[in-house]
Amino acid sequence: MIIGVAECECMIYNAHSLKEKRAVLQRILTRLKQKFNVSVAEVGYQDVWQRTTIAIAVVTSTRVSTEHELQNALKLIDSFPEIERTITEIDWL
């Protein structure tokens, strides 16, 4: 069993309030959970309007499939024009 965790620091430039930021994040987090076999949550900068950290966790039987699932989830985040992923760290457990 391999556990992969990606932590992504992101910018949401057009958010002018926490409510706008959370609307964007909710759409992204819901889509990630629906489309992929991942656990995802906002884990940082929760009280800042235009900045966030998202954690994505994946558990599979092989490192290759875990990495594949994480990369697909990161590509999905990148497909949203309202958010920009700036720093991403991946840890293996």
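Since this is a predicted model, take the numbers as computed values, not measurements.

### Observations regarding the pairing of strand β3 (residues 51-60)
And step 1. Pairing of strand β1 (residues 2-11) with β3, which is carried by 10 bridges, proceeds in the antiparallel orientation. If you follow C10 over to β3, its bridge partner there is T52.
And step 2. Where strand β2 (residues 39-44) lies against β3, five bridges are found, and the strand directions are antiparallel. Considered in β3, the bridge of G44 is made with T53.
And step 3. Connecting β2 to the next strand, β3, in antiparallel fashion are six residues, including Y45 with a positive phi near 55 degrees.

### Thoughts on the packing of aromatic side chains
And step 1. In this structure the tally under the stated criterion is zero aromatic pairs.
And step 2. One Lys or Arg, R63, reaches over the ring of W92 and ends 4.1 Å from the middle of that ring.

### A word on the pattern of salt bridges
Pairing between side chains becomes possible if they bear opposite charge and their charged atoms approach one another.
And step 1. Here the structure, examined in full by the defined rule, presents four salt bridges.
And step 2. As a salt-bridge pair, R51 and E9 come within 2.6 Å of each other at their nearest N and O atoms. Linking R51 in strand β3 with E9 in strand β1, this pair joins segments that are 42 residues apart in sequence.
And step 3. Overall, R51 belongs to the partly exposed group, its relative accessible area being 30%.

### Quick notes on the side chain of T52
And step 1. Relative to the assigned elements, T52 resides in strand β3.
And step 2. Polar side-chain contacts of T52 include one of 2.9 Å to the side chain of E42.
And step 3. Those residues in contact with T52 that sit more than four places away from it in its chain are C8, E9, C10, I12, K21, L25, E42, G44 and Y45.

What counts, and at which threshold
- Residues numbered from 1 in each chain as written.
- Predicted model: local features only at pLDDT ≥ 70, side-chain atom pairs only at ≥ 80, totals over all residues.
- Heavy atoms only, no water.
- Pairing = 2+ DSSP bridges.
- Helix = DSSP H or I, 4+ residues; strand = E, 2+ residues; numbered from the N terminus.
- Phe/Tyr/Trp six-rings, centres within 6.5 Å; stacked < 30°, edge-to-face > 60°.
- Lys NZ or Arg CZ within 6 Å of the ring centre and 35° of its normal.
- Salt bridge = Lys/Arg side-chain N within 4 Å of Asp/Glu carboxyl O.
- Buried < 20%, exposed > 50% of the residue type's maximum accessible area, 1.4 Å probe, protein only.
- Polar contact = N/O pair within 3.5 Å; in protein donor to acceptor, adjacent residues only side chain to side chain.
- Contact = heavy atoms within 4.5 Å.

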